[in-house]
Amino acid sequence: QLEHGFDAPSYLRAMDAQRIDAAVLFPSMGLFVPYLPELDDDESASACRAYNEWAADYCSTAPDRLAAVGVIPQRAPARAATEARHAAELGLVGVIARPNHVADVYLDDASFDPLYDALEETGLVLAVHEALGVRAPTIGRDRFETFAARHACSHPLEQMTAATALLLGGVCERHTALRVAFLESGTGWLPYWLARLDEHHEWLGATETAALSLRPSEYFERQCVISSDPEDELAAFTIGRVGADHVVWASDFPHPDAAFPDALDEFLAHLDGALTDVRPVLWDTPARFYRLTDRFAAATT
């Protein structure tokens, strides 16, 4: 792939080598560039626009096998809403939200409501995705020096804070049609965290969480999924707790630690026969959640 510049035909060949029929693609540099502190709001928005238009063109090579999630200028929520609508016009299926505190306010602030309104109206997914290295407050960065320690902390713990904002902070209460995917953090933290958020809602329901009509776990059940990785040893446990209709699979390709071309075999080996039917996690749930069932129908025929 590298010698072909990671162009779409080479990506499709890499998918074939992994026995992957269709994929939803996520940014690489797009997870970092819009959040560079030296960019002002105009420049951040321009970077997002450029990436999203490139991603749409990339997928046009094989629209029955490739879809993409775009990026938004998260530091400027009103502009983020505008770019989300443009992403929908381009045919993208979602937009990335960083779980880090990259803006002056966090994801549960009312200033993000126009973005969530746009996602509800267009049907795009809010894809919460961490990536260590962004120059913004990141859990673990303030107390560890090694990459191993920072990376171990950042992905699940940042997702926990995002889940707190979206599920306990009232976002899913106000935006009942918003669909949220928690990505690239493993799955094992989720059952514990949902139970803890439920406990705090019950404890403080008469005061701080009085506006919530459901428990946080019920918002997750109504509106959310989480992604599993090839080496996720707790995937079967989490699927047993939240259901296969709330878990999707990611190959992690082309990250340097991805198990290419054996990611699928590695995932199935970690399941160790715990699931009699893996199709919901590998196909049905992601196709339904990203609203790609019809678009990708030919990929498996």
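Definitions and cut-offs
- Just so you know, the residues in each chain are numbered from 1, in the order the chain's sequence is written.
- The predicted origin of the model limits local features to residues at a pLDDT of at least 70 and limits the giving and counting of side-chain atom pairs to 80 or more, whereas totals for whole chains, interfaces and linings rest on all residues.
- As a rule here, side-chain values come from all non-hydrogen atoms in the structure, and water together with hydrogens is ignored.
- Secondary structure elements follow DSSP: runs of H or I of four or more residues count as helices, runs of E of two or more count as strands, with numbering from the N terminus.
- Each residue after the first adds 1.5 Å to the expected span of a helix.
- To sort residues, take the accessible area from a 1.4 Å probe on protein chains only and compare it with the maximum for the residue type: under 20% means buried, over 50% means exposed, and anything in between is partly exposed.
- Any two strands with at least two DSSP-identified bridges between them are counted as paired.
- Lines are fitted to the C-alpha atoms to define the axes, a helix being fitted only along its stretch in contact, and any angle between axes, read from their N-to-C directions, falls within 0 to 180 degrees.
- Note on terminology: a nonpolar core comprises buried Ala, Val, Leu, Ile, Met, Phe, Trp, Tyr and Cys residues joined through side-chain atoms within 4.5 Å.
- By convention in these notes, a salt bridge is any Lys or Arg side-chain nitrogen within 4 Å of a carboxyl oxygen on Asp or Glu.
- Residue contacts are defined here by distance: any two heavy atoms, one from each residue, within 4.5 Å place the two residues in contact.
- Asp and Glu count as negative and Lys and Arg as positive, but His and the ends of the chain are not part of the count.
- Counting of polar contacts relies on pairs of N or O atoms within 3.5 Å, with two restrictions inside protein: one atom must be capable of donating a hydrogen and the other of accepting it, and residues adjacent in sequence are counted only when both atoms are side-chain atoms.
- Note on angle classes: values under 35 degrees are labelled roughly parallel, values over 145 roughly antiparallel, values of 65 to 115 roughly perpendicular, and the remainder oblique.
- Under the scheme applied here, ten amino acids are nonpolar (Ala, Val, Leu, Ile, Met, Phe, Trp, Tyr, Cys and Pro), four are charged (Asp, Glu, Lys and Arg), and all others, including Gly, are polar.
- Orient the strands so they point away from the viewer; a crossover is then right-handed if the path from the first strand over the helix to the second runs clockwise.
- Left-handed is the label given to a crossing in which the near helix is rotated counterclockwise from the far helix by less than a right angle, and right-handed is the label when the rotation is clockwise.

Novice: I'd love a proper account of helix α3 (residues 77-90), names of residues and values included.
Specialist: Relative to the 20 Å expected for 14 residues at 1.5 Å per residue, α3 spans 20 Å between its end C-alpha atoms, a close match to the ideal helical length. Where α3 is concerned, the buried positions are Pro 77, Ala 80, Ala 81, Glu 83, Ala 84, His 86 and Ala 87. Downstream of α3 by one or two residues, Gly 91 has phi in the positive range, about 95°.

Novice: Requested: an account of the sheet that holds strand β6 (residues 224-228), with residues and values cited.
Specialist: Within the open sheet, the seven strands sit side by side as β1-β2-β3-β4-β5-β6-β7. Their pairing is parallel. Whereas interior strands pair on both sides, the edge strands pair on one side only; in this sheet they are β1 (23-25) and β7 (247-249). The mean inter-strand angle of the sheet, taken between neighbouring strand axes irrespective of direction, is 30°. By the bridge criterion, three bridges tie β1 to strand β2 (residues 66-70) in an arrangement that is parallel.

Novice: Tell me about the nonpolar core, and please be specific about residues and values.
Specialist: Counting residues in each nonpolar core, the largest one holds 95 residues, and the members touching the most others are Tyr 116 and Phe 182. With seven residues, helix α5 (residues 147-168) is the single largest residue contributor to this core.

Novice: Outline the pattern of salt bridges, listing residues and values.
Specialist: On inspection of all chains with the given rule, the structure shows twelve salt bridges. Between Arg 49 and Glu 83 there is a salt bridge; the shortest N-O distance is 2.7 Å. Linking Arg 49 in helix α2 (residues 41-59) with Glu 83 in helix α3, this pair joins segments that are 34 residues apart in sequence. Among the ionic pairs, Arg 143 bridges to Asp 142, the shortest N-O distance being 3.1 Å. Asp 142 carries the same exposure label as Arg 143, and that label is exposed. In this structure, a network of salt bridges that share partners links the residues Asp 198, Arg 215 and Glu 218.

Novice: Explain helix α4 (residues 113-122) residue by residue, including any values.
Specialist: Note on helix geometry: an α-helix contains 3.6 residues per turn, so any two residues three or four positions apart are oriented the same way. The set of residues buried in α4 consists of Asp 113, Leu 115, Tyr 116, Ala 118 and Leu 119. In this fold, the buried residues of α4 make contact with α3, β3 (94-97), β4 (125-129), α5 and α6 (171-174). A positive phi of about 85° marks Gly 123, the residue just after α4.

Novice: Could you give me a rundown of the side chain of Glu 158, with the residues and numbers involved?
Specialist: In this fold, Glu 158 is placed in helix α5. For the buried Glu 158, no salt bridge exists, and the shortest N-O distance to an oppositely charged side chain is 7.4 Å, to Arg 98. A distance of 3.5 Å separates the side chain of Glu 158 from the side chain of Asn 100, its partner in a polar contact. Not counting the four nearest positions on each side in its chain, Glu 158 is found in contact with Pro 99, Asn 100, Tyr 106, Glu 130, Pro 137, Thr 138, Ile 139 and Cys 153.

Novice: Describe the packing of helix α7 (residues 189-203) against helix α9 (residues 235-242), listing the residues and the values that go with them.
Specialist: One way to put it is that α7 packs onto α9 with a least axis distance of 8 Å and a crossing angle of 40°. One way to sum up the angle between α7 and α9 is to call them oblique. Packed against α7, whose contacting residues are Leu 190, Pro 191 and Leu 194, the element α9 presents Phe 237, Thr 238, Arg 241 and Val 242 at the interface. Of the residues assigned to the contact of α7 with α9, the class counts are five nonpolar, one polar and one charged.

Novice: If you had to explain the pairing of β3 to someone new, which residues and values would you point to?
Specialist: Across the two faces of β3 the burial is the same, with Gly 94 and Ile 96 and Val 95 and Ala 97 all buried. As defined by bridge partners, β2 adjoins β3 across two bridges and the pair is classed as parallel. Residue pairing across strands places Val 69 opposite Gly 94, the latter belonging to β3. For the segment spanning β2, α3 and β3, crossover handedness is right-handed. Note: β3 against β4, four bridges, orientation parallel. Considered in β4, the bridge of Gly 94 is made with Val 125. For the segment spanning β3, α4 and β4, crossover handedness is right-handed.

Novice: Kindly report on unusual backbone geometry, identifying the contributing residues and their values.
Specialist: In the segment running from Phe 253 into Pro 254, the intervening peptide bond is cis, with an omega of 5°. Relative to the assigned elements, Pro 254 resides in the loop between β7 and α10 (263-271). Here the amide bond leading from Phe 260 into Pro 261 is cis, since omega sits at 0°, within 30 degrees of zero. Tracing the chain through its elements places Pro 261 in the loop between β7 and α10. The backbone of Arg 19 sits at a positive phi, close to 60°, despite the residue not being glycine. Its location among the elements puts Arg 19 in the loop between α1 (8-17) and β1.

Novice: Account for the packing of α2 against α3, with residues named and values stated.
Specialist: Running from N to C, α2 and α3 point in directions that differ by 15°, and their axes come no closer than 10 Å. Considered as vectors, α2 and α3 are oriented roughly parallel to each other. The way α2 lies across α3 gives a crossing that is right-handed. Contacts between α2 and α3 pair Asp 41, Asp 42, Ala 45, Cys 48, Arg 49, Asn 52, Glu 53 and Ala 56 from the former with Arg 79, Glu 83, His 86, Ala 87 and Leu 90 from the latter. In the contact of α2 with α3, the residues fall into five nonpolar, two polar and six charged.

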